[in-house]
Amino acid sequence: MIVLLKRKTTGAQLDSVRALLTEAGYRTATWQERAHTVVGAVGSLGEEQQAVLGERLGALACVERVVRTPKPYKLVSREWKAERSVVPIREGLAVGGSELVLMAGPCAVEGREQIREAAREVQRCGADVLRGGAFKPRTSPHSFQGLGREGLRYLQEASLETGLPIVTEVMDARDLDTVAEVADILQVGSRNMQNFALLKEVGKTRKPVLLKRGMSATIEEWLQASEYVMSGGNPHVILCERGIRTFETYTRNTLDLAAIPVMKRLTHLPVIADPSHGTGRWELVLPMALAAIAAGADGLIVEVHPDPARALSDGPQSLTPTRFFELVQGVRAIAEATGRRLRKPGGEREEEKWHAELSASPWRPAALVSQGS
Ligand code: PEP
Ligand code: MN
């Protein structure tokens, strides 16, 4: 049950609301939603008793609205807010509206020139946001760990040059201020989806948060992680399906496409897809990107590297800029077919380079071949 209190509710009135719920065996949590205090309550009353309690609460002078939901997540639920949330990034750019948002760039910032080149390339292809990790969560401590603050500086330079906003990962609450200075979107990675201390900290900011699904997280766990951010007072959460662990080993993860329409039913938050980590193989990125958009995703985050063979991380799943250009053309076609659109027209690529690199795409649907050429 969710109880929204009126703006001028006193401490004593709040206590009486909590007392009613506690007496009925509910556990309560209290948070602020704009100027309102909200009491969320989880318990196990039967339908009828719940209805009676709801009526009693609704009759109190300080109560504006009572929403009954048995779910462990409240603020992110569609029962709480039926209309879809649109997360503003910058003037003219938002996630969750009719325009799809394309985030692209390398897995990691490897140097000044690399990120500059990547930024220019993805911008030319029609990307809306530049991605690049400065603080990298690597499975092995011996792998490249990212350039840290130096990487953030290079990202900022690339962003200033191209005008692209930045999405970059914050791994540790101690780095939050530093990362938030540069990032337009704070990425919380798969490995940190249940780092509750970090979720609470990003919940205190008002920066958009890209919350990736934990690789072994259920949909409910993922929703509850987003609830942490929202109940901290930050409503700007974007969810990202990035694949989960299954018994399948051919792909790095199994991109859970069904999670996209499921999340759209359960939450008002926008959902994007990461077909790069979702597959681990560059040749699967385009088909899964198209499928994700067809399934209702509000955008994509895609790894693009100027020279994937030399990438310091995630080269095998990184697209060349030309391949990314091809992906954007495909996404445009699916967007049009599903009542969405891309924000940008997307630039040109040299015809020759395009043909040489793309003629070897055996899986390319015929419609896209004729579109792209
Ligand atoms: C990334 O985006 O580079 C990344 C590490 O993603 P994930 O947290 O989904 O593994
Ligand atoms: Mn990566």
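The rules behind these values
- Residues numbered from 1 in each chain as written.
- Chains lettered and ligands numbered in written order.
- Predicted model: local features only at pLDDT ≥ 70, side-chain atom pairs only at ≥ 80, totals over all residues.
- Heavy atoms only, no water.
- Pairing = 2+ DSSP bridges.
- Helix = DSSP H or I, 4+ residues; strand = E, 2+ residues; numbered from the N terminus.
- Axes fitted to C-alpha atoms, helices over the stretch in contact; angles between N-to-C directions.
- Contact = heavy atoms within 4.5 Å.
- Donors = N, O, S within 2.8 Å, 3.2 Å for Na, K, Ca; no water.
- Buried < 20%, exposed > 50% of the residue type's maximum accessible area, 1.4 Å probe, protein only.
- Expected span 1.5 Å × (residues − 1).
- Arc of directions from axis to C-beta.
- Salt bridge = Lys/Arg side-chain N within 4 Å of Asp/Glu carboxyl O.
- Phe/Tyr/Trp six-rings, centres within 6.5 Å; stacked < 30°, edge-to-face > 60°.
- Lys NZ or Arg CZ within 6 Å of the ring centre and 35° of its normal.
- Near = heavy atom within 4 Å.
- Polar contact = N/O pair within 3.5 Å; in protein donor to acceptor, adjacent residues only side chain to side chain.
- Areas by Shrake-Rupley, 256 points an atom, 1.4 Å probe, with all protein chains shown as cover.
- Nonpolar A, V, L, I, M, F, W, Y, C, P; charged D, E, K, R; others polar.

### Quick notes on the sheet that holds strand β1 (residues 2–5)
Right, on to step 1. Read from one edge of the open sheet, four strands run β2-β3-β1-β4, paired in antiparallel fashion. Lying at the two open borders of the sheet, with one neighbouring strand each, are β2 (27–33) and β4 (63–67). Ignoring which end each strand starts from, the neighbouring axes of this sheet average 20° apart.
Right, on to step 2. Across three bridges, the pairing between β1 and strand β3 (residues 36–42) is antiparallel. Considered in β3, the bridge of Leu4 is made with Val38.
Right, on to step 3. The strands touched by helix α1 (residues 11–23) are β1, β2, β3 and β4; relative to β3, the strand with the most contacts, the crossing angle is about 10°.

### Topic: the coordination of the manganese ion (ligand 2)
Right, on to step 1. Bound to the manganese ion (ligand 2) on the protein side are Cys107 (SG), His277 (NE2), Glu303 (OE) and Asp314 (OD), at distances that span 2.0 to 2.4 Å.
Right, on to step 2. Along the chain, the residues donating to the manganese ion (ligand 2) fall in the pattern C-x169-H-x25-E-x10-D. Placement of the pair is His277 in helix α9 (residues 275–279) and Glu303 in strand β14 (residues 299–303), with a sequence separation of 26 residues.
Right, on to step 3. Overall, the relative accessible area of 0% leaves Glu303 in the buried class.

### Looking at α1
Right, on to step 1. Over its 13 residues, α1 runs 18 Å from end to end, which matches the ideal 18 Å to within 8%, given 1.5 Å per residue.
Right, on to step 2. Along α1, the positions that sit buried rather than exposed are Leu14, Val17, Leu20 and Leu21. Buried residues of α1 fall within an arc of 120° about the axis and therefore sit on the same side. Turned more than 90 degrees from where α1 packs its buried face, Ala12 and Glu23 sit exposed.
Right, on to step 3. If you follow the buried residues of α1, they end up packed against β1, β2, β3, α2 (47–58) and β4.
Right, on to step 4. Following α1 by one or two positions, Gly25 has its phi on the positive side, about 90°.

### Some thoughts on the pattern of salt bridges
Right, on to step 1. In total, this model carries 23 salt bridges according to the counting rule given.
Right, on to step 2. A salt bridge links Glu161 to Arg116; the shortest N-O distance between them is 2.7 Å. Of this pair, Glu161 sits in helix α4 (residues 149–162) while Arg116 sits in helix α3 (residues 112–125), and the two are 45 residues apart along the sequence.
Right, on to step 3. Judged by its relative accessible area of 40%, Glu161 is partly exposed.
Right, on to step 4. Here Arg116 falls in the partly exposed class, since its relative accessible area comes to 25%.
Right, on to step 5. Residues Arg213 and Asp256 are paired through a salt bridge, measuring 2.9 Å at the closest nitrogen-oxygen approach. One end of the pair, Arg213, is in the loop between β11 (209–212) and α7 (219–231); the other, Asp256, is in the loop between β12 (237–241) and α8 (259–266), with 43 residues separating them in the sequence.

### Thoughts on the packing of aromatic side chains
Right, on to step 1. Scanning all chains against the criterion turns up one aromatic pair.
Right, on to step 2. Between the aromatic rings of Phe196 and Tyr228, the centroid separation amounts to 4.7 Å while the plane-to-plane angle is 25°, which identifies the pairing as stacked. With Phe196 in helix α6 (residues 196–204) and Tyr228 in helix α7, this residue pair connects regions lying 32 residues apart in the sequence.
Right, on to step 3. Among the residues examined, Phe196 registers a relative accessible area of 33% and is labelled partly exposed.
Right, on to step 4. The lysine or arginine in question, Arg65, covers the ring of Trp80, its NZ or CZ lying 5.1 Å from the ring centre.
Right, on to step 5. Against the face of Tyr250 rests Arg281, its NZ or CZ located 3.8 Å from the ring centre.

### Digging into the site of ligand 1
Right, on to step 1. Around ligand 1 sit 13 residues in total, of which Arg131, Lys136, Ser190, Arg191 and Arg242 are the nearest.
Right, on to step 2. Between ligand 1 and Arg191 there is a distance of 2.9 Å, counted from an oxygen atom to a side-chain nitrogen or oxygen.
Right, on to step 3. With respect to ligand 1, the side chain of Arg242 contributes an N or O atom lying 2.6 Å from an oxygen atom.
Right, on to step 4. Contact with the protein chains removes 97% of the 300 Å² of surface that ligand 1 exposes when unbound.
Right, on to step 5. Partitioned by chemical class, the residues of the shell around ligand 1 number two nonpolar, four polar and seven charged.

### Regarding the pairing of β1
Working note: regular strand, side chains alternate between the two faces of the sheet.
Right, on to step 1. What you see with β1 is no split at all: Ile2 and Leu4 on one side and Val3 and Leu5 on the other are buried throughout.
Right, on to step 2. The sheet contact formed by β1 and β4 spans four bridges and is antiparallel. Within β4, the residue paired with Val3 across the bridge is Val66.

### What to know about the pairing of β14
Right, on to step 1. Taking burial as the measure, the five residues of β14 include five buried ones, the bulk of the element.
Right, on to step 2. Residues Gly299, Ile301 and Glu303 of β14 are buried on one face, and the alternating residues Leu300 and Val302, pointing to the opposite face, are buried as well.
Right, on to step 3. Judged from the five bridges that link them, strand β7 (residues 99–105) and β14 form a sheet pairing that is parallel. Considered in β14, the bridge of Gly105 is made with Glu303.

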